[in-house]
Amino acid sequence: MRSLFSRNETLVALIIVAFCVVTAIVEPRFLTITTITDLLRNGIVIGIFAIAAMLVLVSGGIDVSFTAIAAFSMYSATKLMIALGVGDQIIVAFLVAAAIGLTLGLINAVFIGTLKLPTLIVTLGTLTAFRGFLLTFVGSQLITNVPPGMRDFARSMIFRGETPGGSFVAVPTATLFLVGAVVLTWFILNRTVLGRSIVAMGGSRESAARVGINVTAMQYFVYGYVGVLSGLAGIVHASLARVANPFDLVGLELQVIAAVVLGGARLTGGHGTITGTLLGVTLIVLINNSLIMLGIPSTWQNVVIGFLILLGTGMPAWQARRRAAASA
Amino acid sequence: MQTPNPSTTADPTASRLASPFRGDPTMARLLAITIAIFVVMSLLKPGLFFTWGNFSSMAFQFPEFAILSLAMMIAMLTGGIDLSVIGLANLSAILAAFVLTAFGPDLAAGGSAFGVIALAVATALAIGAIGGLVNGLIIAVIGIPPILATLGTGLIFTGIAVVLTEGQAVLGFPAAFSVIGNGSIYGIPVPLVIFAVLAVAVAFLLNRTAFGLKLYLMGTNALASRFAGVDNTGLTVRAYLLSGTLASIAGVVLMSRANSAKADYGTSYLLLSILIAVLGGINPYGGFGKVGGLVLAVLSLQFLSSGFNMLQFSNFAKEFIWGALLLLVMVVNGLQFGRTRPRAAAREGGNP
Amino acid sequence: MTDLPLVKLSGISKAFAGVHALDDVSLSVGRGEIVCLAGENGSGKSTLIKILAGAQGADSGTIEIDGQARGSLHPIEAVRAGIQVIYQDFSLFPNLSVAENIAFNDQLVHGRRLVDKRRNRRIAREALARIGVDMDLDRVVETLPVADKQLVAISRALLHDARLIVMDEPTTALTEREVRALLQVIRKLQKDGVAVLFVSHKLKEIFAVCEKIVVLRNGRKVADGPAREFDLASLTYHMTGRHVTAVELPPAPGEGSAELLRVEDLGRGSQFDGVSFSLRAGEVLGITGLLGSGRTDLAKALFGLAPADRGRIVVGGRPVAITSVKDAIGLGIGYVPEDRLTEGLFLPQAIGRNVAVGILDRFAGRSGVVDRPRLSDAVEGWVRRLKVATPSTALPVQSLSGGNQQRVVLARWLAINPRILILNGPTVGVDVGSKADIHAIIADLAREGLGVIVISDDLPEVLAACHRILVMREGRIIEEVGRDSADEDTLAHRLAS
């Protein structure tokens with residue numbers, strides 16, 4: 001029981017429940033299916049990002065460039081789709097975005113895996129470079145008239161219905177991307193030797209190399225995989241927003257990392273779970289979208305998220321410090 | 001960095017032979033780069049770049065991010081990072097702006113402009129010090145890793161700034177206030193004077209005082225410094241307090257130059273200050289780096305930026321180049337950073 | 001049994017940046033043979049191990065396994081050939097379970113793509129059973145005690161029909177009792193036909209377990225032969241290249257000598273309790289005990305790192321409270337920590353700064369501005385007095401050998417002009433030659449009137465270097481013995497019984 005309560009997952013889950021209960025009391029409208037589907041809709045892109053960011057943290061690195069990769073892949077793929085006249089083929093957008101994302105992710109991997117540079121500063125650099133390249137050489141104009149394939153994708157639903165109260169409820173097909181990312185990443189991390197090698201590498205890189213894990217190859221996989229997920233998330237984002245905006249997404253990265261860290265992933269590597277990550281994302285999305293229902297103006301968002309980061313990382317840090325002091 | 005390393009040379013005598021050259025290769029390289037950029041830009045645009053007008057305009061531009069880089073440098077020397085500098089700079093500026101606008105009307109009735117401005121600047125410095133203190137306490141006492149702690153406080157500082165201003169700019173300062181950002185003393189821009197004074201002060205602090213020398217040692221190995229009797233907690237708190245105070249000075253300069261304060265000013269400076277620190281030879285793992293290197297990095301970036309403007313590069317192109325440059329510098333310096341990486345390399349080195 | 005050696009290295013050379021780490025070294029290990037690879041730090045032992053494990057390639061020379069020559073090995077190939085290395089730090093994954101740690105390599109060697117948890121657990125259980133150990137397979141390794149971590153590392157090495165296990169300084173982190181248990185495990189392995197290459201610079205262990213001894217010095221092989229052809233003196237000579245003489249300890253101070261420190265009924269939490277002793281000027285007091293006996297906790301309490309919560313400390317006749325390191329330093333107490341590399345030194349920083357750290361405040365005065373010329377004179381003086389072998393104090397301390405690094409730490413503390421110096425494991429990881437030098441420094445300090453406390457579980461060391469020895473067990477001092485009235489065996493027995 002003790003260990004259950006000292007876990008971040010439990011803490012975050014409790015905060016989520018408390019938030020929902022209080023909000024429901026203050027604003028009964030909160031407790032509707034519509035709220036849930038709205039939250040889900042708003043959580044798809046940030047959720048995919050968070051899964052990707054979690055994988056990097058588990059491997060012992062940190063990546064802040066994924067939003068730039070997403071914006072780059074999304075905007076380039078959309079432009080290409082229009083230029084090639086295949087606007088009705090959404091699959092083209094996904095394939096192209098995934099390929100671009102993979103390429104950019106592998107660029108990260110070259111600096112991190114091959115040249116062995118510190119991951120935070122490398123990805124800060126690529127974040128800026130990717131975005132600068134996109135805006136200079138690919139384009140900086142909004143594409144408001146997104147290809148029909150993307151519009152259709154945004155309209156397609158895996159579930160559509162009406163509540164007894166008469167409001168519309170719909171779960172977009174895009175949700176499948178989040179589900180897919182969750183299932184695939186969970187499978188890789190827990191059921192494959194590849195995934196266990198990544199976890200092991202996050203625990204101790206030196207030991208990993210000594211048992212014969214190809215550490216560099218693992219890093220190429222991790223950053224490449226993150227690139228692909230980011231590229232796909234970019235298209236999902238543009239489709240749902242019905243606009244390809246090259247200025248979008250960048251700026252979200254720290255919020256995503258905040259969500260992942262709230263979910264219990266450690267910056268030192270080797271620790272992080274899918275459940276925790278999804279809980280962290282839920283909390284951040286709740287705050288971003290429902291704070292106003294609590295009667296707190298949306299200008300307070302940053303303050304609340306900032307406090308949650310300090311609370312979520314401070315409690316375990318403080319406990320660890322107390323334990324260390326007691327046994328010193 | 002004078003750190004030849006036995007883990008790669010295997011024999012201590014080898015590094016001894018290599019180091020009678022007591023100069024600092026990183027600094028020498030940086031100086032060469034800075035001069036090269038200056039010469040190239042002067043040759044490319046002689047009528048524009050190599051002019052007093054341009055020198056003067058550059059001297060007004062760089063101090064604000066140079067001061068932020070000093071703040072970043074202090075945090076990086078401890079082995080940490082301060083992602084909250086921009087948020088704290090803006091929050092300090094906004095509160096100073098409130099002081100200016102609240103007492104501004106009095107001026108018309110014959111109040112002292114100097115008094116109000118001094119009060120505003122004092123307010124900004126106090127906010128910077130408090131914010132830095134909070135960062136330091138969270139990092140040193142509670143034990144949250146610096147990157148997460150300052151990510152959190154950065155959001156809070158920015159958030160409070162947004163809440164206070166509802167995201168709007170605060171305007172309407174007394175005319176005399178613009179001297180800080182736009183004035184000159186004997187033809188030397190005031191912001192340049194402020195930066196020069198701060199750079200000298202920080203360099204003195206780091207190299208000549210017990211505080212500074214201990215900071216380098218703690219940044220190299222916090223455990224060893226604790227065992228050597230250094231008060232790590234107090235030292236870390238003071239380092240972030242200094243970082244926060246420097247950030248607030250940058251905020252004041254920024255607001256004076258813009259003649260307004262806003263929650264989202266200077267957001268691109270965060271990356272820039274990290275880029276400058278890394279370019280200037282500050283080891284991201286802590287413990288190594290000099291103010292001289294930082295100044296050279298600031299100058300070379302300003303020369304580049306100014307030159308690119310004359311070559312009509314867009315801001316986006318500059319953004320791309322900054323990112324690429326950061327990566328390039330890391331690759332060039334990479335071996336050194338890799339070598340001075342804390343434990344793993346050291347352990348290996350002990351027994352080749 | 002064939003005469004063909006299991007592994008034979010011939011003419012192995014390896015250079016780093018032009019400097020020979022290994023120069024034409026040959027070595028063979030027979031089946032089920034226990035061979036000791038001895039040598040001081042920096043002699044090339046670690047490089048040789050890495051080449052054997054496939055972690056590094058040799059520049060020249062061949063590796064023969066079962067008579068088959070190979071140029072170089074990949075880690076996985078080395079494992080397939082039955083070679084397993086247990087590194088000094090065990091190379092475990094702190095965040096994974098015992099079962100996964102043990103089975104991890106196996107998954108890689110068999111090229112498995114999917115994780116089979118049941119199989120991993122079976123493998124782990126069998127591997128632990130081979131050395132007669134029962135352990136919770138699901139426990140996360142970072143929560144295990146050191147000795148258990150080593151057992152996990154050994155059982156992991158036993159998989160894949162290991163035929164040669166290389167143990168790199170396996171006893172560094174272990175207590176006497178655990179060392180004895182380990183040596184038994186090694187003999188058990190030998191009975192099963194497993195060869196062991198035991199890498200160490202601890203002479204006693206070498207003689208306790210090895211059949212053959214190979215000595216490296218400065219990257220060259222300087223001796224190779226059956227263990228019975230060596231004795232302590234000859235082995236020491238081969239390792240150091242010089243004859244090391246025992247250190248003369250000055251006579252114990254008499255009743256007239258000033259009492260520097262008295263401790264009465266000192267305790268902290270459940271770590272130690274009821275500790276009382278006194279220390280006179282000119283005296284070297286040994287405190288020995290197994291890991292977890294409270295010896296290090298007591299030292300940390302005296303130095304203010306983890307203050308005592310009950311009892312009395314009297315320094316120089318006055319009762320004092322030591323609640324922080326600053327208090328301890330103010331009272332003239334210095335502490336040389338156990339782990340030099342992580343707790344003692346700022347490795348990439350200049351030697352001078354490493355020495356100066358303790359006296360910065362003294363040379364800074366109220367303003368905080370350091371008087372650099374005077375500080376530098378003081379530092380240079382101490383570096384000379386302690387004979388740190390370096391051309392310049394501006395060089396990083398990591399350019400020094402282990403013994404010289406330890407002198408830098410000593411110089412730092414002597415510079416504060418202490419009255420009491422606590423040395424925790426002063427010669428751990430220090431080679432034989434430097435060990436004698438450090439003992440000589442300790443004797444010198446005593447001669448100058450310092451009170452020295454040496455904390456160590458290296459019994460020959462406490463017997464050689466201390467006037468009196470306190471034996472700690474389960475947080476209490478159970479016995480005090482004079483150096484003349486004790487011998488190693490009875491002391492060892494008292495520690496563990």
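It should be emphasised that the depicted structure is a prediction, and the values quoted were computed from it without experimental measurement. (Residues numbered from 1 in each chain as written. Chains lettered and ligands numbered in written order. Predicted model: local features only at pLDDT ≥ 70, side-chain atom pairs only at ≥ 80, totals over all residues. Heavy atoms only, no water.)

Things to note about the overall build of chain C
Logical step 1: From N to C terminus, chain C includes 18 helices and 20 strands.
Logical step 2: For 497 residues, the compact-globule formula gives about 23 Å, and the C-alpha radius of gyration of chain C, at 24 Å, lands near that figure.
Logical step 3: Over its C-alpha atoms, taken along the principal directions, chain C stretches across nearly 70 × 50 × 50 Å.
Logical step 4: Looking at chain C residue by residue over its 497 residues, the buried ones come to 59%.
Logical step 5: Taking as baseline every contact in chain C between residues at least 6 positions apart, the subset at least 24 positions apart corresponds to 68%.
Logical step 6: With an accessible surface of roughly 19,600 Å², chain C has 47% of that area assigned to carbon and sulfur atoms.
Logical step 7: If you average the places of the 61 positive and of the 61 negative side-chain charges in chain C, the two averages end up 3 Å apart. (Helix = DSSP H or I, 4+ residues; strand = E, 2+ residues; numbered from the N terminus. Rg over C-alpha atoms; globule rule 2.2 N^0.38 Å. Buried < 20%, exposed > 50% of the residue type's maximum accessible area, 1.4 Å probe, protein only. Contact = heavy atoms within 4.5 Å. Areas by Shrake-Rupley, 256 points an atom, 1.4 Å probe, with all protein chains shown as cover. Lys, Arg positive; Asp, Glu negative; His and termini not counted. Charge placed at Lys NZ, Arg CZ, Asp CG, Glu CD.)

Quick look at the pairing of strand β14 (residues 310-315) of chain C
The side chains of a regular strand alternate between both faces of the sheet.
Residue and element names in this part refer to chain C.
Logical step 1: Looking at chain direction, strand β11 (residues 259-268) and β14 are connected through five bridges and run antiparallel. Within β14, the position partnered with G267 by the bridge is R310.
Logical step 2: Two strands pair when backbone bridges link them, and β14 and strand β15 (residues 318-320) are joined in this way by three bridges, in the antiparallel orientation. Counted as the bridge partner of V314 is P319 from β15. (Pairing = 2+ DSSP bridges.)

Considerations on helix α9 (residues 193-203) of chain A
Logical step 1: Judged by how many residues are buried, α9 of chain A sits mostly within the fold: nine of eleven residues are covered.
Logical step 2: Among the residues of α9 of chain A, those classed as buried are V193, G195, R196, S197, I198, V199, A200, M201 and G202 of chain A.
Logical step 3: Buried residues along α9 of chain A sit against α3 (33-58), α8 (175-191), α10 (205-210) and α11 (215-241) of chain A together with α3 (98-109) of chain C.

Re the sheet that holds strand β5 (residues 68-70) of chain C
All names here are of chain C.
Logical step 1: Ordered by their spatial adjacency, four strands build an open sheet running β2-β1-β4-β5, and the pairing between neighbours is antiparallel. With one partner strand each, in any of the chains shown, β2 (19-29) and β5 form the two edges of the open sheet. Taken pair by pair, the neighbouring strands of this sheet meet at an average axis angle of 25°, ignoring direction.
Logical step 2: Of the strand pairs in this sheet, strand β4 (residues 60-65) and β5 are connected by three bridges, and their pairing is antiparallel. (Axes fitted to C-alpha atoms, helices over the stretch in contact; angles between N-to-C directions.)

Structural notes on the environment of V243 of chain A
All names here are of chain A.
Logical step 1: Tracing the sequence through the fold places V243 in the loop between α11 and α12 (253-262).
Logical step 2: The exposure class of V243 is buried, given its relative accessible area of 18%.
Logical step 3: In the structure, V243 is positioned 101 residues away from L142 in sequence and 7.2 Å away in space, judged by C-alpha atoms.
Logical step 4: Residues in contact with V243, not counting those within four places in the same chain, are L142, I143, T144, V146 and A238.

Observations concerning the interface of chain A and chain C
Logical step 1: In this assembly, 25 residues from chain A lie in contact with 27 residues from chain C.
Logical step 2: With both sides pooled, the region where chain A packs onto chain C buries about 2,000 Å², and carbon together with sulfur makes up 57% of that total.
Logical step 3: Taken together, chain A and chain C are joined by two salt bridges.
Logical step 4: When the shortest N-O distance is used, the salt bridge between E100 of chain C and R196 of chain A registers 2.4 Å.
Logical step 5: Taken together, chain A and chain C are joined by ten residue pairs in polar contact (both at pLDDT 80 or more).
Logical step 6: Secondary structure elements with two or more residues in the side of chain A that touches chain C: α8, α9, α10 and α14 (301-327) of chain A.
Logical step 7: Counting residues per element, the side of chain A that touches chain C draws most heavily on α9 of chain A, which supplies seven residues.
Logical step 8: Partitioning the side of chain A that touches chain C into residue classes produces eleven nonpolar, ten polar and four charged. (Buried area = accessible area lost by both parts, 1.4 Å probe. Salt bridge = Lys/Arg side-chain N within 4 Å of Asp/Glu carboxyl O. Polar contact = N/O pair within 3.5 Å; in protein donor to acceptor, adjacent residues only side chain to side chain. Nonpolar A, V, L, I, M, F, W, Y, C, P; charged D, E, K, R; others polar.)

Focus: the packing of α3 of chain A against α8 of chain A
All names here are of chain A.
Logical step 1: Viewed as axis vectors pointing N to C, α3 and α8 meet at an angle of 20°, and their least axial separation amounts to 8 Å. Put simply, α3 runs roughly parallel to α8. As for how α3 packs across α8, the hand of that crossing is left-handed. Residue-level inspection shows L40, G43, I44, G47, I48, I51, M54, L55 and V58 of α3 in contact with α8, the latter providing T175, F177, L178, A181, V182, T185 and L189.
Logical step 2: Residue composition of the contact of α3 with α8, grouped by class: twelve nonpolar, four polar and no charged. (Parallel < 35°, antiparallel > 145°, perpendicular 65-115°, else oblique. Left-handed = near helix turned anticlockwise from the far one by under 90°.)

Some points on a nonpolar patch on the surface
Logical step 1: A surface patch of nonpolar side chains, amounting to about 440 Å² of accessible area, comprises V17, V21, V22, I25 and V26 of chain A.
Logical step 2: Note that I25 of chain A resides in helix α2 (residues 8-26). (Patch = residues over 30% accessible without salt bridge, like charges linked within 9 Å, V, L, I, M, F, W, Y side chains within 5 Å.)

Focus: the packing of aromatic side chains
Logical step 1: Throughout the structure, instances matching the rule amount to 26 aromatic pairs over all chains.
Logical step 2: Taking the centre distance of 5.9 Å and the plane angle of 65° together, the rings of F38 of chain B and F50 of chain B count as edge-to-face. Of this pair, F38 of chain B sits in helix α3 (residues 25-44) while F50 of chain B sits in the loop between α3 and α4 (52-77), and the two are twelve residues apart along the sequence.
Logical step 3: Take F38 of chain B: its relative accessible area is 22%, and that puts it in the partly exposed class.
Logical step 4: Among the residues examined, F50 of chain B registers a relative accessible area of 49% and is labelled partly exposed.
Logical step 5: Relative to W413 of chain C, the ring of F303 of chain C has its centre 5.5 Å away and its plane inclined at 85°; by these criteria the two rings are edge-to-face. Of this pair, F303 of chain C sits in the loop between α9 (295-302) and β14 while W413 of chain C sits in helix α15 (residues 402-415), and the two are 110 residues apart along the sequence.
Logical step 6: By relative accessible area, which is 0% here, F303 of chain C ends up buried.
Logical step 7: The class of W413 of chain C is buried, set by a relative accessible area of 0%.
Logical step 8: Three or more aromatic residues link up through ring pairs in this structure, and these residues are F38, F49, F50, W52, F55 and F303 of chain B. (Phe/Tyr/Trp six-rings, centres within 6.5 Å; stacked < 30°, edge-to-face > 60°.)

Some points on the pairing of strand β13 (residues 284-289) of chain C
Residues and elements named next belong to chain C.
Logical step 1: The buried fraction of β13 is high, at six of six residues.
Logical step 2: Side chains V284, G286 and T288 project from β13 onto one buried face, and the interleaved L285, I287 and G289 project onto a second face that is buried too.
Logical step 3: Bridge count between β13 and strand β18 (residues 451-455): four bridges; the pairing is parallel. Bridge pairing in β18 places V284 opposite V452.
Logical step 4: When β13 meets strand β19 (residues 468-473), the two strands line up parallel, connected through five bridges. The partner of G286 across the bridge, within β19, is I469.

Considerations on the domain arrangement of chain C
Logical step 1: Here the domain parsing of chain C yields domain 1 (7-240) and domain 2 (259-496).
Logical step 2: Computed from C-alpha coordinates alone, the two centres of domain 1 of chain C and domain 2 of chain C are separated by 33 Å. (Domains from an automatic or database assignment.)

Brief notes about the pattern of salt bridges
Logical step 1: One pass over the full model with this rule turns up 30 salt bridges over all chains.
Logical step 2: Across the pair E206 of chain A and R210 of chain A runs a salt bridge, and its minimum N-O distance is 3.5 Å. Here E206 of chain A and its partner R210 of chain A are both found in helix α10, four residues apart, which amounts to about one turn of the helix.
Logical step 3: D361 of chain C serves as the salt-bridge partner of K214 of chain B, at 2.8 Å between the closest nitrogen and oxygen. On the criterion of chain membership, the pair formed by K214 of chain B in helix α10 (residues 210-220) and D361 of chain C in helix α13 (residues 360-364) is interchain, its members lying in two chains.
Logical step 4: Judged by its relative accessible area of 46%, D361 of chain C falls in the partly exposed class.

Digging into the side chain of T209 of chain B
Logical step 1: Looking at where T209 of chain B falls in the secondary structure, it is placed in the loop between α9 (190-208) and α10.
Logical step 2: The class for T209 of chain B is buried, based on a relative accessible area of 6%.
Logical step 3: Excluding residues that lie within four positions of it along the chain, T209 of chain B makes contacts with F204 of chain B together with G368, V369 and V370 of chain C.

So, the sheet that holds strand β7 (residues 164-168) of chain C
Residue and element names in this part refer to chain C.
Logical step 1: Reading across from one edge, β6-β7-β8-β3-β9-β10 is the order of the six strands in this open sheet, with mixed pairing throughout. Since the sheet does not close on itself, it has two edges, and those belong to β6 (83-86) and β10 (220-226), each with one partner. Averaged over all neighbouring strand pairs, the angle between strand axes comes to 15°, with direction disregarded.

Re the nonpolar core
Logical step 1: In this structure, I213 of chain A together with L206, M255, L301 and W322 of chain B are the most contacted members of the largest nonpolar core, which totals 222 residues.
Logical step 2: By residue number, the principal contributor to this core is α3 of chain A, which donates 15 residues.
Logical step 3: In this structure, M255 of chain B is in contact with A93, A96, A97, L100, F173, F177, S260 and A261 of chain B, ignoring residues within four places of it in sequence.
Logical step 4: Within the second largest apolar cluster, 89 residues are counted, among which are F227 of chain B together with V315, I351 and L445 of chain C. (Core = buried A, V, L, I, M, F, W, Y, C linked by side-chain atoms within 4.5 Å.)

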